[in-house]
Amino acid sequence: AVNPRLFFDTLREVDALSVAFPEVAALVGVPAGPADIHREGDAFEHTMQVLTELHSRRPNDVAALLGGLAHDLGKGTTGRDVLPSHHGHAKRGGEIGTAMRRRLGLPRAVAGAMSVAARTHMELHRVTELDAETLLNIAKQIEGSPLTVNQLTDIVVADATARTPQKAIDEAVVCHRLSEATAVIEDVGGTAALSNRGISPAEVGESVPGPRVSDFIRQDRAEALRSRL
């Protein structure tokens, strides 16, 4: 695509958006957020601007663009009585993204791109405030999706940029903290967790329950990440 939003704008102009992409059509007329931080238009316009910004960074990167398209889908299901706030839209958007992927029959190569972007983008806007456990949870979601740290970082930056006024966000910090979290997951595993506690693998499942080992791993990863940040 030369201009990815043109596809959705055209569908809207011919009254076909709600037929082809009801999840996206639901954003039309819905405030993107409080007027002091979202003066660019409704949630549909904000999403289109995110697509445009992402395309300038990652031309035809399908996984990233799908993530950008889906990041705010949860706003289309916000109750009218609580607008312009959108509490819980990230979780709702993750569920919508999963259902939308299945409905469209998108290939496995992009499975999870929409749901992960929707679920994590809000937390990453305040990445410096996140504790180690939350960062590791996001890193685990990245690990199980087609999105890389750099792709997700670009989605978050595009989300911040496609606002009026633009939101200041430190791209390098987002990328660094996510990269460290994913590195810790790769570096710290069950073998080290058992060794650090003097437990032999033979004891797992007998004197040491399996879920307890998972707790050890989470503790060690959190401690390792805190030491890196």
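What this report covers is the structure whose coordinates are included nearby. Only a predicted model underlies this, so the values are computations on that prediction, with no experimental measurement involved. (Residues numbered from 1 in each chain as written. Predicted model: local features only at pLDDT ≥ 70, side-chain atom pairs only at ≥ 80, totals over all residues. Heavy atoms only, no water.)

1. Some remarks on the nonpolar core
Of all hydrophobic cores here, the largest spans 53 residues; its most connected members are F8, L17, V24, L124, L147, L152 and L178. Once you skip the residues sitting within four places of it in the chain, L124 turns out to touch L130, I138, L152, V156, I169, V174 and L178. Within the second largest apolar cluster, seven residues are counted, among which are A193, L194, I199 and F216. (Core = buried A, V, L, I, M, F, W, Y, C linked by side-chain atoms within 4.5 Å. Buried < 20%, exposed > 50% of the residue type's maximum accessible area, 1.4 Å probe, protein only. Contact = heavy atoms within 4.5 Å.)

2. Here we look at the pattern of salt bridges
Counting across every chain of the model gives 15 salt bridges. Here R228 makes a salt bridge to E180, at a shortest N to O gap of 3.6 Å. One end of the pair, R228, is in helix α12 (residues 210–228); the other, E180, is in helix α10 (residues 171–187), and 48 residues separate them in sequence. With its nearest N and O atoms 2.9 Å apart, the salt bridge here joins R228 to D187. On the criterion of sequence distance, the pair formed by R228 in helix α12 and D187 in helix α10 is long-range, its members being 41 residues apart. (Salt bridge = Lys/Arg side-chain N within 4 Å of Asp/Glu carboxyl O. Helix = DSSP H or I, 4+ residues; strand = E, 2+ residues; numbered from the N terminus.)

3. Some thoughts on helix α7 (residues 113–124)
Along its 12 residues, α7 runs 16 Å from first to last C-alpha, staying within 8% of the 16 Å computed at 1.5 Å per residue. Here α7 lies mainly inside the structure; nine of its 12 residues are buried. For α7, every residue scored as buried is listed here: A113, M114, S115, V116, A117, A118, T120, H121 and L124. Where the residues of α7 are buried, they touch α5 (62–70), α6 (89–104), α8 (132–143), α9 (149–161) and α10. (Expected span 1.5 Å × (residues − 1).)

4. Considering the packing of helix α4 (residues 43–57) against α9
Where α4 meets α9, the axes come as close as 8 Å, and the angle between the chain directions of the two elements is 130°. As the angle between them shows, α4 and α9 are arranged oblique. Handedness of the crossing formed by α4 with α9: right-handed. Residues H46, V50, E53, L54 and R57 of α4 form the contact with α9, whose own contacting residues are D154, I155, V157, A158, D159 and T161. Here the residues of the contact of α4 with α9 are counted per class, giving five nonpolar, two polar and four charged. (Axes fitted to C-alpha atoms, helices over the stretch in contact; angles between N-to-C directions. Parallel < 35°, antiparallel > 145°, perpendicular 65-115°, else oblique. Left-handed = near helix turned anticlockwise from the far one by under 90°. Nonpolar A, V, L, I, M, F, W, Y, C, P; charged D, E, K, R; others polar.)

5. A closer look at the side chain of H71
On the secondary structure map, H71 appears in the loop between α5 and α6. Within the structure, the side chain of H71 is placed 2.7 Å from the backbone oxygen of G68, a separation counted as a polar contact. Apart from the residues lying within four places of it in its own chain, the contact partners of H71 are H46, T47, V50, H89, A117, A118, H121 and D159. (Polar contact = N/O pair within 3.5 Å; in protein donor to acceptor, adjacent residues only side chain to side chain.)

6. Focus: the packing of α9 against α10
Each pair of packed helices gets described by two things: the angle between the helix axes and the distance between those axes. Remark: α9 packs on α10, axes separated minimally by 9 Å, with the N-to-C direction vectors making an angle of 145°. Handedness of the α9/α10 crossing: right-handed. Where α9 abuts α10, its residues V149, N150, L152, T153, D154 and V157 lie against E171, V174, C175, L178, S179 and T182. Along the lines of polarity and charge, the residues of the contact of α9 with α10 split into six nonpolar, four polar and two charged.

Bear in mind that shape data such as this cannot, by itself, settle questions of function.
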